[in-house]
Amino acid sequence: MAHLTSHHTLPPFPEDLRTAPLVSVSFAKLEANHNESSSDFFQACKELGFFYLDFVGSKLGETIISEAEELNKVQKEFFALPNEVKDVYGRPHLHPFYAYRYTETEGKDENGAPLRNANYNLRKDDILGQCERLACHPLILEHQDLFERYIRHCRAAVDVLLEHLNTHLQLPPGTLANLHRIHERSGDHVRFTQNHPGAFSEDRARSAEHTDFGSLTILFNWLGGLQVRLPVTDEWVYVKPIPGSCIVNLGDAMVKFTAGILRSNIHRVVPAPSTQAHLTRNSLVFFTRPEDKVVLKRLKGGIIDDQPQSEIPEPEMTSHEWIMGKGTGRLPGVFTSKGFEGKARNPEPPVPVPVSIPA
Ligand SMILES: O=C(O)CCC(=O)C(=O)O
Ligand SMILES: [Fe+2]
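Predicted model, so just to flag it, every value in this text is computed and none were measured. (Residues numbered from 1 in each chain as written. Chains lettered and ligands numbered in written order. Predicted model: local features only at pLDDT ≥ 70, side-chain atom pairs only at ≥ 80, totals over all residues. Heavy atoms only, no water.)

1. What to know about empty space enclosed by the protein
Part 1: Taken as a whole, this structure holds three cavities of 30 Å³ or more when the rule is applied.
Part 2: Empty space within the second largest cavity amounts to approximately 80 Å³.
Part 3: Residue lining of the second largest cavity: 13 residues in total, with Leu122, Asp126, Leu134, Ala135 and Cys136 positioned closest to the centre.
Part 4: Elements supplying a minimum of two residues to the lining of the second largest cavity: strand S4 (114–123) and helix H5 (124–127).
Part 5: The dominant element in the lining of the second largest cavity, judged by the number of residues it contributes, is S4, at four residues. (1 Å grid on protein atoms, 1.4 Å probe; cavity = no way out; pocket = protein on both sides within 12 Å on 5 of 7 lines; lining within 4 Å. Points joined across faces, edges and corners; volume = space filled by probe spheres on them. Helix = DSSP H or I, 4+ residues; strand = E, 2+ residues; numbered from the N terminus.)

2. As for the packing of helix H2 (residues 35–47) against helix H7 (residues 144–168)
Part 1: Where H2 meets H7, the axes come as close as 10 Å, and the angle between the chain directions of the two elements is 85 degrees. In terms of orientation, H2 and H7 fall into the roughly perpendicular class. Seen from H2, the contacting residues are Ser38, Ser39, Phe41, Phe42 and Cys45; seen from H7, they are Leu161, His164, Leu165 and His168. (Axes fitted to C-alpha atoms, helices over the stretch in contact; angles between N-to-C directions. Parallel < 35°, antiparallel > 145°, perpendicular 65-115°, else oblique. Contact = heavy atoms within 4.5 Å.)

3. So, the pattern of salt bridges
Part 1: Per the counting criterion, the structure on display carries 15 salt bridges.
Part 2: Two residues, Arg204 and Glu106, come together in a salt bridge whose shortest N-O distance is 3.3 Å. Of this pair, Arg204 sits in helix H8 (residues 202–207) while Glu106 sits in strand S3 (residues 100–108), and the two are 98 residues apart along the sequence.
Part 3: With a relative accessible area of 60%, Glu106 lands in the exposed category.
Part 4: Across the pair Asp188 and Arg155 runs a salt bridge, and its minimum N-O distance is 2.8 Å. You can see Asp188 sitting in the loop between H7 and strand S5 (189–195) and its partner Arg155 sitting in helix H7, a full 33 residues away along the chain.
Part 5: Via salt bridges that share partners, Glu67, Asp145 and Arg149 belong to a single interconnected network. (Salt bridge = Lys/Arg side-chain N within 4 Å of Asp/Glu carboxyl O. Buried < 20%, exposed > 50% of the residue type's maximum accessible area, 1.4 Å probe, protein only.)

Dropping the structure here:
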């Protein structure tokens, strides 16, 4: 059988490693409104906030997989460019968040320059022509059509998930969809990421701990290195990449909308494990966020109304304010279902210093 993905070209994820018990949900079954799959999906959104979305057998899903493989090639090409070329599209001069950013590692390239762990955030509204476009590298423009298709397809998949959530939460029809209309300005974006091999460092791992701050994240990775902290034991465990599936996780906005019914789980990226540790690691992330103007607060209706009221009043922020605050370090700490955690532990330096890269 032809391989849908390039995972088989890489050394396998180690067999003996403890991994996170992510449930696998068939996207084709969700598209067909299969009841049991929909219940499994909702359970996973409440309990761990992370699950595999198996795209095999879905036309849309398999299209997304092949586009992710194409974009993975594009990102490798981008990161291989000379640093001074990438720096043109860097933060903060381009944009405080939708830009290229990096941290230097101890490793050196063939010219003796420090190797960089980096990411490059590319805004949905730039790619779909919904705002004045930020400058981007010509490679991005060359693949305009691929980016556009990828964003529209990921968004179509996200819309299916939002619809199932809406039903389980017993919200009036279209409530979540109306907070995430693709043609409205939002912080949705594609992220390229690259990390070079390096020894595990407790400090670095800790500074990488984060929750995603939007609604739903569609993540493709090819090597291990992603870890989630298990809700009950607080143990950090690896998430094994599965060919044909993406990893979906929920972000802070979904916790706020549902007064804590849904979970935005803490996670981090550490060096790839043993058999894969010598390889440079890439991941491709599509973040969905609520529309910029949406105020992040509990929604009214359905089973959310049965949730207890929070005793500590939280400041109400728009989605845009929340993203920019979290994305640029003005809102330090990790947001969990209990509120902010570890504020003092992870103070992200303010721009323009290159920073470690939370979502
Ligand atoms: O690289 C990964 O596997 C996860 C990346 C991630 O969590 C993020 O960019 O928010
Ligand atoms: Fe993340």
